[in-house]
Amino acid sequence: MISAEQITQAFDDSTREFRDSPEYQSLVTGNASAEAAREFIRNVFRTHYLSSHIVALCFASLPSDAALLLKENLLEEMGRSEEEKPHAALLLELARGIGLPEDEIDQLIADARRRIATFCAVRLPVATLRELCLSLLLETMSFEFMLSRCSSEIAGALSKRYGFSKPALRWFELHSEVDIRHAEEGVIVVQDYLAFHQIADELFDRIARFTLGDNLFVRHYFPPASRQRTRSKASPAKARHVDSMTIYQLRIPFHQSFRHALQSREESDAVIVKITGSDGRTGFGESLPRSYVTGETTESMVTHIRERLAPKIFSDSFAAGWETLEYLQAVLSQWTRSDKEDSSVIAWNAAFCAVELALLDWSLRADHCALADLLPPRRFEIVYSGVISADAPADAAALAERMARLGLRQIKVKVGTADDFARLEAVRNAVGDKVELRADANGAWSAQEAIESLQRLAKFKLQSIEQPVRACDLNGMKQVRDESRIPVMADESLITPEQARKLIASSACDYFNIRLSKCGGIAGSLAIAKLAQEAGIEIQVGAQVGETGILSAAGRTFAAQLPALAFAEGSFGTWLLAEDVTFENVAFGFGGRAPLLRTRGLSVTVKEDVLERLAISKSEVRR
């Protein structure tokens, strides 16, 4: 049984990690800017304004004796205590006391509400409500513990070094006075919870490490977006070197083959890049090269990473979070450019994507944050479409029927073969009129063939036709768009920002299909998405057939941050793959719905033993 001393030690370790952090030391010694101090208070407000919601959930999950100990804390949070103002009211006084205008305070309240809503939409690596509530209880009690030891020092620094009035800082003073008792009672509450729910020591240790690790309080009070807003050239982030890079070529069997007009596949050929830094941390990235799209093959991509990109990475250093993303955005054009020796390659986008995601995963973990902290989500879930390959009509209909039973309401069907009409007819009959259908020809037709084919297929009420003609035929694409009157989506025609500009200038399409591996990772995809949004082009976030949870997780975060998202594809996970390489199940669920991913790095944990087993080749490069 976990002892009170062990629980106290876990809280104490987290508190010490916070007090030793550069962010905390900069604040309390007065080395932070005045704006950084104000931003710290904003984050305290965002974190604690609605904390009573979390305390209430903890209260509901406790046995009766332990619940009584937490009752007073909950009443204080809710403002039901006869002796103290509601904590939310004290936070409002704090915000007004440092001079924040009412409209900014209203925005902070909206931010706090959004945090609760986002928290409820994020997939957590725990299996039951019992484990979730333990994680919440540990986090809640750890804040009480930390504040009882730090809030007096924080209040003193805010008053003496930044000039904030003492009456405005009552929230901090209250926590230094009251939370010592709350912290002590919190240890008893956690012990009672563990005994009541019969939680094994090993499970407690695992949940405690996940909840309290990676500097919990820094993540809340000094998130990367705040550091980006308040950083100065006088205090740059600590840079780290990459010591080694390992490249894995995978072969993961599919449950069933996948065919379209240009290719047939029965297994995943994903390439995984593992970055190991001078700090001992690792990061993983992934891409799947397509010779008929970017010109990259698996072999040429691996060679390019080893001979061209690895030396660039080893010769430089990378700061955490924002700085690494900004660096990658700056070098995107240079690192993906094809030279005369690589005339068959349009852009080294797949190579860049795998390396970029590995660097981001590594640097974000070092910064105790997730990709979603750099790309804040605009929606709480992603709704994925089903995709049916160029199967025989009966097989396509059977798969479509299963997708409809799973609740999918958007399905894309591959076309560009002789039996397109029969396939679409079978699918439409199987799913009825309530399911939206799209088609993808993968450039199989000429413009005239596309127009004639789409005239025959019009009865199936297609929402769009993807890549009806060859990638280079923008005039043909525009002709199809004008004459078929079915919205056209660019895919193979859309690899680089330059191509995006040409598509926009020629009015060749209504949609962009942005795929991270095809478009140059997060940096390239963000650049193309910006062009689309400015031009009024709608966006589909697509996927590579056979991607693992690594690339799927990054794609979901990218899709979630878009202001508008027309369609999403991918996150098939073990619906398609015989086995995945991540602990987290990234596959979509009923209705194609999948929750946000927001833990560390890309928000998935790689099973390295599985990665090693599934790799058909492995190579390592060292600095």
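Residues numbered from 1 in each chain as written. Predicted model: local features only at pLDDT ≥ 70, side-chain atom pairs only at ≥ 80, totals over all residues. Heavy atoms only, no water.

1. Overview of the environment of Ala 157
Turning to step 1, where the next piece is worked out: Looking at where Ala 157 falls in the secondary structure, it is placed in helix 8 (residues 129-160).
Turning to step 2, where the next piece is worked out: Along the primary structure Ala 157 and Gly 30 are separated by 127 residues, whereas in three dimensions their C-alpha atoms are 6.9 Å apart.
Turning to step 3, where the next piece is worked out: Setting aside anything within four residues of it in sequence, one finds Ala 157 in contact with Leu 27, Val 28 and Tyr 162. (Helix = DSSP H or I, 4+ residues; strand = E, 2+ residues; numbered from the N terminus. Contact = heavy atoms within 4.5 Å.)

2. Comments concerning the nonpolar core
Turning to step 1, where the next piece is worked out: If you look at the biggest cluster of nonpolar residues, it comprises 128 residues, and the most contacted ones within it are Leu 250, Phe 512 and Ile 522.
Turning to step 2, where the next piece is worked out: Looking at which element gives the most residues to this core, the answer is helix 15 (residues 349-366), with 12 residues.
Turning to step 3, where the next piece is worked out: Excluding anything up to four places from it in sequence, Ile 522 contacts Leu 325, Glu 356, Leu 357, Leu 360, Leu 371, Leu 375, Leu 516, Ala 554 and Phe 558. (Core = buried A, V, L, I, M, F, W, Y, C linked by side-chain atoms within 4.5 Å. Buried < 20%, exposed > 50% of the residue type's maximum accessible area, 1.4 Å probe, protein only.)

3. Observations concerning the sheet that holds strand 11 (residues 462-466)
Turning to step 1, where the next piece is worked out: Pairing within the open sheet is parallel, and its 8 strands lie in the order 8-9-10-11-12-13-14-15. What marks the edges here is a single partner per strand, and that holds for strand 8 (386-388) and strand 15 (567-568).
Turning to step 2, where the next piece is worked out: Two strands pair when backbone bridges link them, and strand 12 (residues 488-490) and strand 13 (residues 511-514) are joined in this way by 2 bridges, in the parallel orientation. Its bridge partner lying in strand 13, Met 489 is registered against Tyr 511.
Turning to step 3, where the next piece is worked out: Seen against the sheet, helix 17 (residues 393-405) touches strand 8 and strand 9 (410-414) and runs at an angle of roughly 175° to strand 8. (Pairing = 2+ DSSP bridges. Axes fitted to C-alpha atoms, helices over the stretch in contact; angles between N-to-C directions.)

4. Some remarks on the pattern of salt bridges
Turning to step 1, where the next piece is worked out: Across all of its chains, the model carries 42 salt bridges by this definition.
Turning to step 2, where the next piece is worked out: Where Asp 12 meets Arg 16, a salt bridge forms, and the shortest distance between an N and an O atom there is 3.6 Å. In this pair, Asp 12 and Arg 16 both sit in helix 1 (residues 4-19), 4 residues apart, roughly one turn of the helix.
Turning to step 3, where the next piece is worked out: Its relative accessible area of 40% is what places Arg 16 among the partly exposed residues.
Turning to step 4, where the next piece is worked out: Here Asp 214 makes a salt bridge to Arg 281, at a shortest N to O gap of 4.0 Å. Of the two residues, Asp 214 is situated in the loop between helix 10 (201-212) and helix 11 (216-221) and Arg 281 in the loop between strand 4 (271-277) and strand 5 (282-287); the sequence distance between them amounts to 67 residues.
Turning to step 5, where the next piece is worked out: For Arg 281, a relative accessible area of 30% translates into the label partly exposed. (Salt bridge = Lys/Arg side-chain N within 4 Å of Asp/Glu carboxyl O.)

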